[in-house]
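Here are the chains, one letter per residue:
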Amino acid sequence: MSKLYIVPTPIGNLADITLRALEVLKTVNFILAEDTRTSSNLLKHYGISTPLKSHHKFNEHQTVDYITNHIEAGESVALISDAGTPGISDPGFLLVRTCVERGIEVECLPGATALIPALVQSGFPCDRFIFEGFLPQKKGRNKRLEALKDEERTIILYESPFRIVKLLEQMLPIFGTDRQVCIARELTKLHEENYRGTIAQAINHFTAKNPKGEFVVVVKGKED
């Protein structure tokens, strides 16, 4: 049956992909990739020759009808991102919504995503949590942080190496110097790091060393 498959890909270590994901990528008619150059390396590693087509945040509005038309014509399509699960801080929502609206079956495979390993190994409560992804780069950033300061659940944020220190400095007066954080960097890769400490300590740590890699910032919820 023709459908859209959402296929998670490794966030670093290429071994972190499921057997079913590989089977789907081998058998669909074509694969939608956020960056075809990055995805070509993954497919080459596993000997997969399925055609790749570009699908990213800059062209997804223009390509969604083309894709859904192909699925309605009887083809199956897989959507992947550069790393992790499509739709989680990556393109995917628009295409999935359109498929649902047009009665096209959507199947999301379980697999890699950065937020869950970072949360579980943080040592903070993970029975209840809130995922905020990337905060706005400019307007509305402080407003979002203010809205989170009294959150009792564990908070998860994504941040780039270029803004990690700035994020922590913005958090400091809002969350307080003693709020505990666990900052995961380069998850599943050779230089994986999980830094645990207060926000103030984390600022000193990442100011002293040049931060590299993508970051997951896990913030302990406010305690009574």
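The sections below set out a description of the structure shown in this document. (Residues numbered from 1 in each chain as written. Predicted model: local features only at pLDDT ≥ 70, side-chain atom pairs only at ≥ 80, totals over all residues. Heavy atoms only, no water.)

Description of the overall build of the chain
Along the chain, the regular secondary structure elements total 8 helices and 10 strands. Relative to the 2.2 N^0.38 estimate, which gives 17 Å for 224 residues, the radius of gyration of the chain is 19 Å and therefore close to what a compact globule would have. With respect to the three principal axes, the spread of C-alpha positions in the chain is 55 × 35 × 30 Å. Counting all 224 residues of the chain, 47% fall into the buried class. (Helix = DSSP H or I, 4+ residues; strand = E, 2+ residues; numbered from the N terminus. Rg over C-alpha atoms; globule rule 2.2 N^0.38 Å. Buried < 20%, exposed > 50% of the residue type's maximum accessible area, 1.4 Å probe, protein only.)

Things to note about the pairing of strand β4 (residues 77-80)
The side-chain alternation of β4 yields two buried faces, one formed by V77 and L79 and the other by A78 and I80. Bridge count between strand β2 (residues 30-33) and β4: 4 bridges; the pairing is parallel. Its bridge partner being in β4, A33 is matched across the sheet by I80. (Pairing = 2+ DSSP bridges.)

Looking at the environment of P110
The topology assignment puts P110 in the loop between β5 (106-108) and α5 (115-120). For P110, a relative accessible area of 58% gives the class exposed. It is 33 Å that separates the C-alpha atoms of P110 and F206, two residues lying 96 residues apart in sequence. Setting aside residues no more than four positions away along its own chain, P110 makes contact with P8, T18 and R20. (Contact = heavy atoms within 4.5 Å.)

Remarks on the nonpolar core
Core analysis: the biggest nonpolar cluster contains 23 residues, and L157, L168, M171, F175 and I183 have the highest contact counts within it. Among the elements of the structure, α6 (141-148), β7 (154-159), α7 (164-175), β8 (180-185), α8 (199-208) and β10 (215-219) are those that each provide at least two residues to this core. Contacts of L157, omitting those with residues within four sequence positions, involve E132, G133, L135, L148, L167, M171, F215, V216 and V217. I17, I31, L43 and L109 belong to the second-largest nonpolar core, a separate cluster that totals 16 residues. (Core = buried A, V, L, I, M, F, W, Y, C linked by side-chain atoms within 4.5 Å.)

A word on the packing of aromatic side chains
As enumerated under the stated definition, the model contains 4 aromatic pairs in all. Seen from their ring centres, F206 and F215 are 5.4 Å apart, and the 85° between their planes marks the pair as edge-to-face. This pair shows no difference in class: F206 is buried, exactly as F215 is. Here a set of aromatic residues connected by ring pairs shows up, and it is made of F131, F134 and Y158. In this structure, K53 packs its charged tip against the face of F30, placed 5.3 Å from the ring centre. (Phe/Tyr/Trp six-rings, centres within 6.5 Å; stacked < 30°, edge-to-face > 60°. Lys NZ or Arg CZ within 6 Å of the ring centre and 35° of its normal.)

Side note on the sheet that holds β5
The strand order β3-β2-β4-β1-β5 describes an open sheet built from 5 strands, whose pairing is parallel. Where the open sheet ends on each side, the last strands, each with one partner, are β3 (52-54) and β5. Ignoring strand direction, the axes of neighbouring strands in this sheet form an average angle of 25°. Relative to β3, β2 runs parallel, the two sharing 3 bridges. (Axes fitted to C-alpha atoms, helices over the stretch in contact; angles between N-to-C directions.)

So, a nonpolar patch on the surface
A surface patch of nonpolar side chains, amounting to about 240 Å² of accessible area, comprises I116, V120 and F129. Following the sequence through the fold, V120 ends up in helix α5. (Patch = residues over 30% accessible without salt bridge, like charges linked within 9 Å, V, L, I, M, F, W, Y side chains within 5 Å. Areas by Shrake-Rupley, 256 points an atom, 1.4 Å probe, with all protein chains shown as cover. Salt bridge = Lys/Arg side-chain N within 4 Å of Asp/Glu carboxyl O.)

So, the packing of α7 against α8
Contact pair α7 / α8: the axes reach a minimum separation of 9 Å and the direction vectors enclose 160°. Here α8 runs roughly antiparallel to α7, going by the angle between their axes. Of the two possible hands of crossing, α7 and α8 adopt the one that is left-handed. Of α8, the residues touching α7 (which contributes V165, L168, E169, M171, L172 and F175) are I199, A200, A202, I203, F206 and T207. (Parallel < 35°, antiparallel > 145°, perpendicular 65-115°, else oblique. Left-handed = near helix turned anticlockwise from the far one by under 90°.)

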